[in-house]
Every structure is written in structure tokens, then in C-alpha cells.
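Reading the structure
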Amino acid sequence: DTTPIKPSAAGSCAAGGLCKVGDTGPAGGKVFYVADKPQTWGQYLEVSPQTLDPRFDTMWCDKPPTNVIPNDSGTFVHADAISRVYSSACTKGALRLAEDLVVNGFDNWYLPSLAQVKQLYANRATIQIEGQWLYTTDMGTLDGKPAPIAFYFVDGQTKPMNYLAGFGVRAVRSFGPKP
């Protein structure tokens, strides 16, 4: 019999199987990072299916950042925890939108770190992310005060921005096996 065998739905990324960059994840977003092996945070990163504010004018938070948490150095270990800490002071803004997001029953979304946004940028053609400024949870300094770092998808530029400036919001979530 030469009829091709169709993979079962259980083997798909969305159903909990192996994932690759560009696959649709369990929550309906696109997988943009795959670790070589399971990490403490999981193995895969998925970006929300859409920009959370299509007008691209959401502030980072309605309160200025007061305590600065060390930036995620690219390991992705603490990105979700950093987002939760910063968002706890917010009643509105990018941090709140990401933390409060529920898509297809998944509520573990958060505002990504700069390292994670750089991974989004590296895979922007595969996952079809549009050019815009996006906030991150990483901090820099602006006029001598802590300021969230934003990333520009048109050219890869990063810079600290006023926490009240309006930009786009894309949430991310980690999933998959852990060691």
C-alpha cells in the first residue's frame, strides 16, 4: 500500500507533540523558540496569536517602575517571574494586558524579555510579526530613571522608553517538557 500515513493529531505541536519554529502552539500562537532540550521553564516559546492592542498605543504600565530587577540574560529562566513582579503594580498597560490574557484556556502569558523579543525578531518572517515597537520587561535608564526597553521590529533597534509611551503588546508563554 503506497497511501501516505497521516500523523495523528496527538503528535502535533498544538496537541502536545514535538514543536518547531513556525508551528501553531497549544494556545493558538506561533512557536518562535525551541530549546535543544527541556529547560526549567519548558522547551518552547509561543507568541500570542495577535497584537493585544492593534492601535499600538498601550503604555508599559500606569505607574513608574520603582524597583529594578536584573534583566534576563538570555536564559529565559526568569522572564515570566519578572513580568509578574512588574505587572503587580499596574492597573493597566502592556504588563497588565499580557498577564491578564487568556487564549484557548491558557492563562500563563507574560510580557517578554528583550532576549525573547530578539528571538521573535530573528524568526519574524516565519511567524509573520509586523514591524512595530514592542515593550519588554528589561530595564534601562532614561533621564536618570529606570525605563522599560522597547524593541523596534523594523530594524532591530532597542532603547529605553518612557513607561507611558504607547507601543504594541505581544504576550508570550513557555510550555513543553521540563527536566
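First, a word on scope: everything that follows refers to the structure included in this document.

**Considering the sheet that holds strand β3 (residues 133-142)**
Across a sheet, strands are paired by hydrogen bonds formed along the backbone, either parallel or antiparallel in direction. In spatial order, the strands read β3-β4-β5; together these three strands make up an open sheet with antiparallel pairing. Pairing within the sheet leaves two strands with one partner each, and these edge strands are β3 and β5 (158-160). Recorded for the sheet is a direction-independent mean angle of 30° between the axes of neighbouring strands. Where strand β4 (residues 145-152) lies against β5, three bridges are found, and the strand directions are antiparallel. Bridge pairing links isoleucine 149 to proline 160 in β5. Relative to β4, helix α3 (residues 114-122) is tilted by about 10°, and along the sheet it contacts β3, β4 and β5.

**Points about the nonpolar core**
Counting 24 residues, the largest nonpolar core has Trp60, Tyr86, Leu95, Leu111 and Tyr135 as the members making the most contacts within it. Mapped onto this core, the elements with two or more residues apiece are α1 (79-87), α2 (94-100) and β3. Residues Val47, Phe76, Leu120 and Ile129 belong to the second largest nonpolar core, which totals 20 residues.

**Quick look at the sheet that holds strand β2 (residues 42-47)**
Pairing in this open sheet of three strands is antiparallel, and the strands run β1-β2-β6 from one edge to the other. At either margin of the open sheet sits one strand with a lone partner, and together these are β1 (30-39) and β6 (172-175). Neighbouring strand axes in the sheet, compared pairwise and without regard to direction, differ in orientation by 20° on average. The sheet contacts of α3 involve β1, β2 and β6, and relative to β1 the element is tilted by about 120°.

**A closer look at the state of the cysteines**
Under the definition given, this model contains two disulfides. Disulfide pairing places cysteine 13 opposite cysteine 19 at an S-S distance of 2.0 Å. Taking the sign of the S-S torsion, 90° for the link of cysteine 13 and cysteine 19, the bridge is right-handed. Assigned by exposure class, cysteine 13 and cysteine 19 land together as buried. In this model, cysteine 61 is linked to cysteine 90 through a disulfide, with the two sulfur atoms separated by 1.9 Å. An S-S torsion of about -120° defines the bridge between cysteine 61 and cysteine 90 as left-handed. Placement of cysteine 61 in the loop between β2 and α1 and of cysteine 90 in the loop between α1 and α2 is noted, with a sequence separation of 29 residues between them. Neither cysteine 61 nor cysteine 90 differs from the other in exposure class; each is buried.

What counts and what doesn't
- Residues numbered from 1 in each chain as written.
- Predicted model: local features only at pLDDT ≥ 70, side-chain atom pairs only at ≥ 80, totals over all residues.
- Heavy atoms only, no water.
- Pairing = 2+ DSSP bridges.
- Helix = DSSP H or I, 4+ residues; strand = E, 2+ residues; numbered from the N terminus.
- Axes fitted to C-alpha atoms, helices over the stretch in contact; angles between N-to-C directions.
- Contact = heavy atoms within 4.5 Å.
- Core = buried A, V, L, I, M, F, W, Y, C linked by side-chain atoms within 4.5 Å.
- Buried < 20%, exposed > 50% of the residue type's maximum accessible area, 1.4 Å probe, protein only.
- Disulfide = S-S within 2.5 Å.

Don't take any of this as a statement about function, it's just geometry.
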